Amino acid sequence: MNKKFSVIIISSIAIVLSLYFYMFHNGLSANSSSWSEFGDYINGVLTPILTIINIYVFVRLTNAISERDSVRSEREMSYQKQLVLMQFRKDEIDSFLKIMNDALVIKKKTDVYELSEPVMYAMNYLETFATTKLSLFNLNEESDVAQNIKEYHQKTKELYHCIIEDRNTNRDSIIKMLNLKSSIVRQLQTITLEMK
């Protein structure tokens, strides 16, 4: 682009000088008024040409700067959206962990309601997660995470019934729940870090 403008400017100057010397081929004058007339001629002819070139360059630079600002603005907006999405996902994972941990901590309480309440809350949360929160992680109901959540939900139901019916919980079932919970959290964290 710079070569193009250089060629145009040099060509314009050459044409203007050639026309002047062609018309007034008397050679160089010793008269100052002749030099003044020559300066007025050069100024009158080249100024509009150079002004047009200057305006063209200005418009091109303005458009290029505007285009770059637009691209940068879009990148920043995309980055901000990713940060917000990542924060939402992190908050949801934290909620998931807290609720599931509360449900698995069986305290010695005499009231069945106090024992079953965190487990029932976990069941409801898992149902809600499976129906509404999978989209936050760009997952569908057939994904491995969704299947693990369904299995975890089933195990939570079994735990709830053990508490309500005052039965002993199966140790293997609790271990399976802990493993499932860890697997779900790892999968959700991986998705969050990869920003799928």
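Here the structure is a predicted model, which is why all the values come from computation and not from measurement.

Rules and cut-offs
Within each chain, residue numbers correspond to sequence positions counted from 1 in written order. Whole-chain, interface and lining totals are the exception, using all residues; otherwise, since this is a predicted model, local features are given only for residues with pLDDT of at least 70 and side-chain atom pairs are given and counted only at 80 or more. Hydrogens are left out, water is left out, and the side-chain values use all remaining heavy atoms of the structure. Secondary structure elements are defined from DSSP: runs of H or I of at least 4 residues count as helices, runs of E of at least 2 residues count as strands, and each element is numbered from the N terminus. Salt bridge, as used here: a side-chain nitrogen of Lys or Arg that lies within 4 Å of a carboxyl oxygen of Asp or Glu. For every residue, the accessible area (1.4 Å probe, protein chains only) is compared with the maximum for its type, and the residue is labelled buried under 20%, exposed over 50%, or partly exposed between those bounds. Throughout, nonpolar core names a set of buried Ala, Val, Leu, Ile, Met, Phe, Trp, Tyr and Cys residues whose side chains join them through atoms within 4.5 Å. Any two residues whose heavy atoms approach within 4.5 Å at even a single point are treated as in contact. Expected helix span is taken as 1.5 Å per residue step, with the number of steps being one fewer than the number of residues. Each axis is a line fitted through C-alpha atoms, taken for helices only over the stretch in contact, and angles between the N-to-C directions span 0 to 180 degrees. Roughly parallel means an angle under 35 degrees; roughly antiparallel, over 145; roughly perpendicular, 65 to 115; everything else is oblique. Crossing chirality is assigned from the near helix's rotation relative to the far helix, an anticlockwise turn below a right angle marking it left-handed and a clockwise turn marking it right-handed. Residue type decides the class: Asp, Glu, Lys and Arg count as charged, Ala, Val, Leu, Ile, Met, Phe, Trp, Tyr, Cys and Pro as nonpolar, and the leftover types, Gly among them, as polar.

Caption draft 1: Layout of unusual backbone geometry. Its identity as a non-glycine residue notwithstanding, asparagine 138 has a phi of 55 degrees, on the positive side. On the secondary structure map, asparagine 138 appears in the loop between α3 (112–133) and α4 (144–164).

Caption draft 2: Highlighting the pattern of salt bridges. In the structure shown here, the tally under the stated rule is six salt bridges. In this structure, arginine 72 and aspartate 69 form a salt bridge, with 3.1 Å as the shortest nitrogen-oxygen distance. On the criterion of helical spacing, the pair formed by arginine 72 and aspartate 69 is a turn pair, its members being three residues apart in helix α2 (residues 32–104). The class for aspartate 69 is partly exposed, based on a relative accessible area of 33%. One salt-bridge network, held together by shared partners, links Asp69, Arg72 and Glu76.

Caption draft 3: Geometry of the nonpolar core. Counting residues in each nonpolar core, the largest one holds 28 residues, and the members touching the most others are Met100, Tyr152 and Leu188. Only α2, α3, α4 and α5 (171–194) provide two or more residues apiece to this core. Once residues within four sequence positions are removed from consideration, methionine 100 is found in contact with Ala122, Tyr125, Leu126, Tyr152 and Lys181. Judged by nonpolar contacts, the second largest core, of five residues, contains Tyr20, Phe38, Ile42 and Leu46.

Caption draft 4: Region of interest: α3. The terminal C-alpha atoms of α3, which comprises 22 residues, lie 30 Å apart, in line with the 32 Å expected from a rise of 1.5 Å per residue. For α3, the complete set of buried residues consists of Ser116, Val119, Ala122, Met123, Tyr125, Leu126 and Phe129. Elements that come into contact with the buried residues of α3 comprise α2, α4 and α5.

Caption draft 5: Focus on the packing of α2 against α3. The N-to-C vectors of α2 and α3 enclose an angle of 150 degrees; their axes lie 8 Å apart at closest approach. Here α2 lies roughly antiparallel to α3, going by the angle between them. You can see that α2 and α3 cross each other, and the crossing is left-handed. Residue-level contacts link Glu92, Ser95, Phe96, Ile99, Met100, Asp102 and Ala103 of α2 to Pro118, Val119, Tyr121, Ala122, Tyr125, Leu126, Phe129 and Lys133 of α3. Grouping the amino acids of the contact of α2 with α3 by side-chain chemistry returns 11 nonpolar, one polar and three charged.

Shape descriptors only; they carry no functional weight alone.
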